[in-house]
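Spelled out from the first residue to the last, the chains are:
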Amino acid sequence: MLVLAQISDLHLDGTDRARERAARVIARLRGIPVDALLVTGDIADHGAAAEYEEAAGLLAGMPYPVLTCPGNHDAREAYRKALLGQAASDAPVNSVEVIHGRAVLMCDSSIPGQDDGRLSPDTYDWIERTLDGLGADVPALLAFHHPPLALHAPLPDSYPLHEPERLAELLERRPQIRALITGHAHTPAATVFAGRPLAVGPGVTWTLRLPWEGDAVADRAADPGFALHVLDDEGRLTTHFRSVRAPLG
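Okay, so let's go over this structure. Position labels on residues start from 1 in each chain and follow its written sequence. Residue-level local features of this predicted model are given only where pLDDT is at least 70; pairs of side-chain atoms are given and counted only at 80 or more, and the full residue set underlies all totals for whole chains, interfaces and linings. Computation of side-chain values covers all heavy atoms of the structure but excludes hydrogens and water.

Notes on unusual backbone geometry
- Positive phi outside glycine occurs at Asp 42, with the angle close to 50°.
- Each residue is placed in one exposure class: buried if its accessible area under a 1.4 Å probe, protein chains only, is under 20% of its type's maximum, exposed if it is over 50%, and partly exposed if it falls in between. Residue Asp 42 is classed as buried on the basis of its relative accessible area, which comes to 2%.
- Even without a glycine there, the phi angle at His 152 is positive, about 65°.
- We count a stretch as a helix when DSSP gives it H or I for four or more residues in a row; a strand needs E for two or more, and each element gets its number in order from the N terminus. With respect to the helices, strands and loops of the structure, His 152 is situated in the loop between strand S6 (140-143) and helix H5 (154-157).
- A residue is classified by how much of its surface remains accessible, and His 152, at 59% relative accessible area, is exposed.

As structure tokens, this is what we get:
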């Protein structure tokens, strides 16, 4: 069994508010013995090096691997250099981690300078090569920022993942991909895409109000949240969502 925590959309911007909300969730997660933490994009709000340095400090010393991918607010060069400690590059930021015989592929769905998303040809090639190297018997999860289908909320649906049909074709050919995990929408959600479970993590910075919940788009008073994903021995994904209240006083 593989147990993953997920946070998304921290939007660290140098303010006390953003830092406190992210620190609150990360402090809770330090006490939960999961196998890894997924951070599914929009880690920074402006893509500035100082924002990634702040994120690196908050995530330092986690008792398990931290797996990240960029979102539309992230900037690849600063992300690589200040968060990952790698050489600056504007190439897609993709990585894989194998835990308990299961693979987690963190994929870059960002388009530099745009808010909508796309898995580039280079990223699709990387996914194919990675899965070939792992072998068909290794269950895999794909994690990236932009959901590949409408969530029935105007804001996230206006910045979609382009060419979802190509992703659907990949899933049809690759049964070892058991589920998809994304962020971007600032709301916990669960649905199905191309016959696979799709779990959307809640936002840390604010929570999306759906059209029937009132006029305001962003609920900035809602507590930040995280997801816990369980990929069991039968290859079935189960997701639980949690919120983290601020301490009283």
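Focus: helix H1 (residues 16-30)
- In this model, H1 (15 residues) spans 21 Å end to end at C-alpha, consistent with the 21 Å of a helix rising 1.5 Å per residue.
- Listing the buried residues of H1 in full gives Ala 18, Arg 21, Ala 22, Arg 24, Val 25, Ile 26 and Leu 29.
- Note on contacts: a residue pair qualifies if any of its non-hydrogen atoms lie within 4.5 Å across the two residues. Looking at the packing, one finds that the buried side of H1 touches strand S1 (2-7), strand S2 (36-40), helix H2 (49-59) and strand S12 (225-231). Given the number of residues in a helix, its expected span is that number minus one, multiplied by 1.5 Å.

As for helix H4 (residues 121-134)
- With 14 residues, H4 extends 20 Å from end C-alpha to end C-alpha; this agrees with the ideal 20 Å at 1.5 Å per step.
- Inspection of H4 places Thr 123, Tyr 124, Trp 126, Ile 127, Glu 128, Thr 130 and Leu 131 among the buried residues, and these make up the whole buried set.
- Buried residues along H4 sit in contact with strand S4 (95-99), strand S5 (102-106), S6, helix H6 (164-173) and strand S7 (177-182).
- Immediately beyond the C-terminal end of H4, within one or two residues, lies Gly 135, with a positive phi of roughly 95°.

Brief notes about the sheet that holds S1
- By this definition, two strands are paired if DSSP reports at least two bridges between them. Pairing is mixed in the open sheet, where 5 strands are placed in the order S3-S2-S1-S12-S13. Bordering the open sheet on either side are strand S3 (66-69) and strand S13 (237-243), each of which pairs with just one other strand. Neighbouring strand axes in the sheet, compared pairwise and without regard to direction, differ in orientation by 25° on average.
- Where S2 meets S3, 4 bridges bridge the pair, whose relative direction is parallel. Bridged to Val 39 within S3 is Thr 68. A fitted line through C-alpha atoms serves as each axis, taken over the contacting stretch for helices, and the angle formed by two N-to-C directions is quoted from 0 to 180°.

Digging into the nonpolar core
- Remark: nonpolar core denotes a set of buried residues (Ala, Val, Leu, Ile, Met, Phe, Trp, Tyr, Cys) joined through side-chain atoms within 4.5 Å. Membership of the largest hydrophobic core comes to 29 residues, with the highest contact counts inside it found for Ile 7, Leu 29, Leu 37 and Tyr 52.
- Those elements giving two or more residues to this core turn out to be S1, H1, S2, H2, helix H3 (76-84) and S12.
- Among the elements that line this core, the one with the most residues is H1, at 5 residues.
- Residues contacting Ile 7, with those up to four places away along its chain left out, are Val 25, Ile 26, Leu 29, Leu 37, Leu 38, Val 39, Thr 40, Val 204, Gly 225 and Phe 226.
- In terms of nonpolar packing, the next biggest core, distinct from the first, is built from 24 residues, Ala 103, Val 138, Leu 151 and Leu 161 among them.

Side note on the packing of aromatic side chains
- Working definition: a ring pair exists when centres of Phe, Tyr or Trp rings (six-membered ring for Trp) sit within 6.5 Å. Plane angles under 30 degrees give stacked, over 60 give edge-to-face, the rest tilted. On inspection of all chains with the given rule, the structure shows 1 aromatic pair.
- Judged by centre distance (5.6 Å) and plane angle (70°), the rings of Tyr 52 and Tyr 79 are edge-to-face. A residue pair is termed long-range when its members are at least 10 positions apart, and Tyr 52 in helix H2 and Tyr 79 in helix H3 qualify at 27 residues. A single burial state applies to Tyr 52 and to Tyr 79, both of which are buried.

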